[in-house]
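Chains, contacts and geometry: an overview
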Amino acid sequence: MREALSGPERLAVAVLSEPASSGGATLLGVALTRAEPRGPVFYLPVGHRYLCCPDQLPLSTVVPGLGDLLAARPLIGHDLKSTVKALHPLVLALCHDTMLASYLLNPGRRNHSLAELAAEHLGLQIPVADGPGSDPEQRPVADAAARLARELDVVLSLERLFDDRLAQAGLTKLFAQVEMPLIPVLDGMERAGILVDPEVLAALGQELATELAALEGKIHLLCGETFNVNSPAQLSRILFEKLKCPVIRRTKTGYSTDSDVLLSLEHDHKVEVARHVNEYRHLAKLKGTYVDALPRLISPTTGRLHTTFNQVVTATGRLSSVDPNLQNIPVRTPVGMRIRRAFHAPPGHLLLSADYSQIELRILAHLADSGFLKAAFARDDDIHRRTAARMFGMAEDQVTPDVRSRAKAINFGILYGMSAYGLSREVGISQDEARVFMDQYFAQFPEVRTYIDQQLKRARENGFVTTLTGRRRYLPQIQSTNGNERSFAERTAVNTPVQGSAADLIKIAMLAVHRRLADGRFRARMLLQIHDELVFEVPEEEAGPLSDLVKIEMERAMTLAVNIRVDLKAGRSWADLK
DNA sequence: GGTAAGACGTA
DNA sequence: CGTACGTCTTACCT
């Protein structure tokens, strides 16, 4: 499980209570407290872990019934592995929701959890924190734990139930060979952390503060009064009531002031202040979310930034990243790139980024078995340009940037299960035109049409769709008589196999790369995963060999009907990768 | 202190 | 009324 642990450690049983609004779920874990930078680790069943920072633990209480039980059994003190193993059945029985197990079995139905299974099995009422007259969280949880302790044998049968469910769903292999082994890989990445230069950010912060103040002044001047530009409500009042700007779109509570609306006001209605507000929002967002926030999260002991990768929250099988989220570091704008510049390699090292090229479209080509797409990728063509040429029956060199970008919008739209309505909105054409547009696409790419129809059929017949590894997403709403709900489920049925298979692919690649790095010949470390990209920190002299290794392992992680291409870049900082 | 809504950063 | 996330701010709740 975990070989090398440093610093003071203490084992405790903890109960984590989720807010009542989420159903009063309870969650029991084994906490291993340890030194910075990661804080306690919660090990959930068979090594599922919950990583939390100490100060963010909403509640941590030793459960009396469980504590007694533990004391009665020689669990604590030897090694972590045996301890966790011994605790496993108890933990399993009380775990609720957001667990990998329940997730693998039933990612689309958050309410259906192992806690409910346990309750059903034991005839036990799983405590609900906001139940009528119940003492907040602890007592019923403790009661439940004590009862479970007395019924260990029943609990053990739950384990078998879990295994059976996994096997029934064909998920044993995914669980045992991908998700479980990935845990120590993610843990290594979190512990490694990434270097961020607080001085670069501090300087940028100063600059942004000045610029924001100037923008705010301009906005107030143009609006004839001072107000809080950060408040959509106040801005809305100024723009649409005081200045009588035309209302472009409504939100459920008022008038929308999002960046598209402001862009329209600027260009179509000559509202000069709109541009300033957009600029203000952009800078304020980057300053608040990254420039100011990131330095505060740098670990005092490692001097680095350590994220937490969540393995069990997404519906598609992707990872997510929190505290901080290092999967959404800006990249599109000049200020964004200046933030990336603060992410850097230590002296004598480089950051190496390896990203899958057009991975979702390649997976679509594979899943739909599209001859045209496969051939285009085999030739390493500009896929959007090829799509445009094919759709509109023109030569490739006739494709203008505008036409190409429309084809690109369609390609993405297909991946997201887009409707004619959605396309019309995205490309700025009428719904009828969009319909013609899409018909043209499907006429040229009939296998894609077939693929979409097939996924919808599967979703309706099975109640779920699957990724290449068999990972499931349940879509009960596919049967809904509510058109919006049903449409959403239909788009999901199209998108999840693509997005989820890409997630499967990179997870398998991470395992392969990790194994190669673990053999001791490299000092390089994997630091980040950003959905289709892996970021490494590598001693300069290893950059060449590591690049070769990473490219090979990522490209051969799965064998598809299309070739897979990985692009590599390296540099001193995340902003100057070449 | 907690939450909803709006907005916006990434793939 | 194209997917998947996490975080910020305001505004309002208890």
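Described below are features of the structure shown in this document. Per-chain numbering applies: the sequence of each chain, read as written, is numbered from 1 onward. Lettering for chains starts from A, numbering for ligands starts from 1, and both go in the order in which the items are written. Only residues with pLDDT of 70 or above have their local features reported here, since the model is predicted, and side-chain atom pairs are shown and tallied only from 80 upward, although totals for entire chains, interfaces and linings are computed over all residues. Processing note: side-chain calculations cover all non-hydrogen atoms of the structure and skip hydrogens and water entirely.

A closer look at the overall build of chain A
Where helices and strands are cited, they refer to DSSP runs of H or I of at least four residues and of E of at least two residues respectively, numbered from the N terminus. Per the secondary structure count, chain A includes 22 helices and 14 strands. Whether a residue is buried, partly exposed or exposed follows from its accessible area with a 1.4 Å probe, protein chains only, as a fraction of its type maximum: under 20%, in between, or over 50%, in that order. Here chain A holds 578 residues, and the buried ones make up 52% of them. The contact criterion used throughout is that any non-hydrogen atoms of two residues lie within 4.5 Å. Residue pairs in contact within chain A that sit at least 24 positions apart in sequence constitute 63% of those at least 6 positions apart. Note on areas: Shrake-Rupley, 1.4 Å probe, and residue coverage restricted to the protein chains presented here. Total accessible area on chain A is roughly 26200 Å²; 51% of this is exposed by carbon and sulfur atoms.

Considering the layout of surface pockets
Roughly 1500 Å³ of internal volume is contained in the largest pocket. Cavity and pocket criteria rest on a 1 Å grid covering protein atoms alone: a 1.4 Å probe that fits but cannot get out defines a cavity, protein on both sides within 12 Å along at least 5 of 7 lines defines an open pocket, and an atom within 4 Å of a point defines a lining residue. In terms of lining residues, the largest pocket is bounded by 42 residues, among which Val 331, Arg 332, Lys 408, Phe 412 and Asp 532 are the most central. In the lining of the largest pocket, the residues fall into 18 nonpolar, eight polar and 16 charged. Each of domain 2 (196-297) and domain 3 (322-370 + 460-578) accounts for three or more of the residues forming the lining of the largest pocket. Grid points are joined across faces, edges and corners, and a volume is the space filled by probe spheres set on the points. Residue polarity is assigned by list, with Asp, Glu, Lys and Arg as charged and Ala, Val, Leu, Ile, Met, Phe, Trp, Tyr, Cys and Pro as nonpolar; anything else, Gly included, falls into the polar class. Residue ranges assigned to each domain were obtained from an automatic or database domain assignment.

Comments concerning the packing of helix 11 (residues 272-291) against helix 13 (residues 334-341)
The interhelical angle for the contact between helix 11 and helix 13, taken along N-to-C directions, is 15°, at an axis separation of 10 Å. In this view, helix 11 runs roughly parallel relative to helix 13, as classed from their interaxial angle. In terms of crossing hand, the pair formed by helix 11 and helix 13 is right-handed. Where helix 11 approaches helix 13, its residues His 282, Leu 283, Leu 286, Tyr 290 and Val 291 are matched on the opposing element by Val 335, Gly 336 and Ile 339. Residues that form the contact of helix 11 with helix 13 fall into these classes: six nonpolar, two polar and no charged. To define axes, lines are fitted to C-alpha atoms, for helices over the stretch in contact only, and angles between the resulting N-to-C directions are given on a 0 to 180 degree scale. An angle below 35 degrees is treated as roughly parallel, one above 145 as roughly antiparallel, one from 65 to 115 as roughly perpendicular, and anything else as oblique. Here a crossing is called left-handed whenever its near helix is offset anticlockwise from the far helix by less than a right angle, and right-handed whenever the offset is clockwise.

As for the environment of Gln 479
Counting through the fold element by element, Gln 479 comes out in the loop between strand 11 (472-474) and helix 21 (483-517). The spacing of Gln 479 and Glu 461 is 18 residues in sequence and 9.9 Å in space, taken between C-alpha atoms.

Points about the protein's contact with DNA strand B
To be near a molecule or strand, a residue needs just one of its heavy atoms within 4 Å of it. Near DNA strand B there are 24 residues, and of these Thr 253, Thr 257, Lys 285, Val 331 and Arg 332 occur at the shortest range. The protein-proximal atoms of DNA strand B, defined as those within 4 Å of the protein, are 82% sugar or phosphate. Note that a base oxygen of DNA strand B is positioned 2.9 Å from one of the side-chain N or O atoms of Lys 285. Between a phosphate oxygen of DNA strand B and a side-chain N or O atom of Arg 332, the distance comes to 2.7 Å. It is helix 11 that provides the largest number of residues to the surface near DNA strand B, a total of five residues. Looking at side-chain class alone, the surface near DNA strand B contains seven nonpolar, 10 polar and seven charged residues. Under the rule applied, a polar contact is a pair of N or O atoms within 3.5 Å (in protein, one hydrogen donor and one hydrogen acceptor; residues adjacent in sequence only if both atoms are side-chain atoms).

What to know about the nonpolar core
Note on terminology: a nonpolar core comprises buried Ala, Val, Leu, Ile, Met, Phe, Trp, Tyr and Cys residues joined through side-chain atoms within 4.5 Å. Within the largest apolar cluster, 122 residues are counted, with the highest numbers of intra-cluster contacts made by Phe 343, Tyr 356 and Val 448. With 12 residues, helix 21 is the largest single contributor of residues to this core. Here Phe 343 is in contact with Ile 194, Leu 195, Val 196, Leu 294, Leu 305, Leu 326, Ile 329, Leu 351, Ser 573 and Trp 574, once residues within four sequence places are set aside. Counting five residues, the second largest nonpolar core, distinct from the first, contains Ala 389, Val 399, Val 403 and Ala 407.

Brief notes about the pattern of salt bridges
Note on definitions: salt bridges are taken to be side-chain nitrogens of Lys or Arg within 4 Å of carboxyl oxygens of Asp or Glu. One pass over the structure, following the stated rule, counts 28 salt bridges. Here Arg 338 ties to Glu 207 by a salt bridge, and the two come within 2.7 Å at their closest N and O atoms. Of the two residues, Arg 338 sits in helix 13 while Glu 207 sits in helix 8 (residues 198-223), which places them 131 residues apart along the sequence. Under the relative-accessibility criterion, Glu 207 is labelled partly exposed at 36%. Three or more residues are tied together by salt bridges with common partners; here these are Arg 379, Asp 381, Arg 386 and Glu 396.

Quick look at the protein's contact with DNA strand C
The environment of DNA strand C is made up of 32 residues, and the closest members are Ser 231, Ser 320, Asp 323, Gly 422 and Arg 473. For DNA strand C, the fraction of atoms within 4 Å of the protein that belong to sugar or phosphate moieties is 74%. The side chain of Asn 228 places a nitrogen or oxygen atom 3.1 Å from a phosphate oxygen of DNA strand C. Lys 285 is positioned such that a nitrogen or oxygen atom in its side chain is 3.5 Å from a base oxygen of DNA strand C. Within the residue set of the surface near DNA strand C, elements represented by two or more residues are helix 11, strand 7 (320-322), helix 18 (420-427) and helix 21. Sorting elements by how many residues they give to the surface near DNA strand C places helix 21 first, with five residues.

A short note on the packing of helix 18 against helix 19 (residues 431-444)
At a closest axis distance of 8 Å, the pairing of helix 18 and helix 19 adopts a crossing angle of 110°. By the angle between their axes, helix 18 is roughly perpendicular relative to helix 19. Residues Ala 420, Tyr 421, Leu 423 and Ser 424 of helix 18 form the contact with helix 19, whose participating residues are Gln 431, Ala 434, Arg 435, Phe 437 and Met 438.

Side note on the packing of aromatic side chains
The aromatic pairing rule takes the rings of Phe, Tyr and Trp, using the six-membered ring of Trp, and pairs them if the centres are within 6.5 Å, calling planes under 30 degrees apart stacked, those over 60 edge-to-face and the rest tilted. Under the counting rule described, the total for this entry stands at seven aromatic pairs. With centroids separated by 5.4 Å and ring planes inclined at 65°, the aromatic side chains of Phe 343 and Trp 574 adopt a geometry described as edge-to-face. Of this pair, Phe 343 sits in strand 8 (residues 343-344) while Trp 574 sits in the segment after strand 14 (566-571), and the two are 231 residues apart along the sequence. We note that Phe 343, like Trp 574, is buried. With a centroid separation of 6.4 Å and an interplanar angle of 35°, the aromatic rings of Phe 412 and Tyr 416 are classed as tilted.

Some words on unusual backbone geometry
One non-glycine residue, Lys 244, lies in positive phi territory at about 55°. Looking at where Lys 244 falls in the secondary structure, it is placed in the loop between helix 9 (232-242) and helix 10 (259-268). Phi at Lys 270 takes a positive value of approximately 55°, unusual for a residue other than glycine.

Points about the sheet that holds strand 9 (residues 349-356)
Spatially, four strands are ordered 12-13-9-14 in an open sheet, and the strand pairing comes out antiparallel. Each end of this open sheet is capped by a strand with a single partner; those strands are strand 12 (525-529) and strand 14. Looking at each pair of strands side by side, their axes are set apart by 25° on average, direction ignored. In terms of strand pairing, strand 9 meets strand 13 (residues 533-539) through seven bridges, oriented antiparallel. Within the sheet, the bridge partner assigned to Ser 353 lies in strand 13 and is Val 535. Lying on the sheet, helix 22 (residues 543-555) is in contact with strand 9, strand 13 and strand 14; it crosses strand 9 at an angle near 20°. We call two strands paired when DSSP finds no fewer than two bridges between them.

Quick word on helix 15 (residues 371-378)
Think of an α-helix as turning once every 3.6 residues; residues three or four places apart then point the same way. Every buried residue belonging to helix 15 is among Phe 372, Leu 373, Ala 376 and Phe 377, and all of these are buried. One face of helix 15 carries all of its buried residues, which in axial projection span an arc of 130°. Along its buried surface, helix 15 packs onto helix 14 (359-368), helix 16 (383-392) and helix 20 (446-462). Asp 380, located one to two residues past helix 15, shows a positive phi value of around 60°. As used here, the arc belongs to the directions running from the helix axis to the C-beta atoms.

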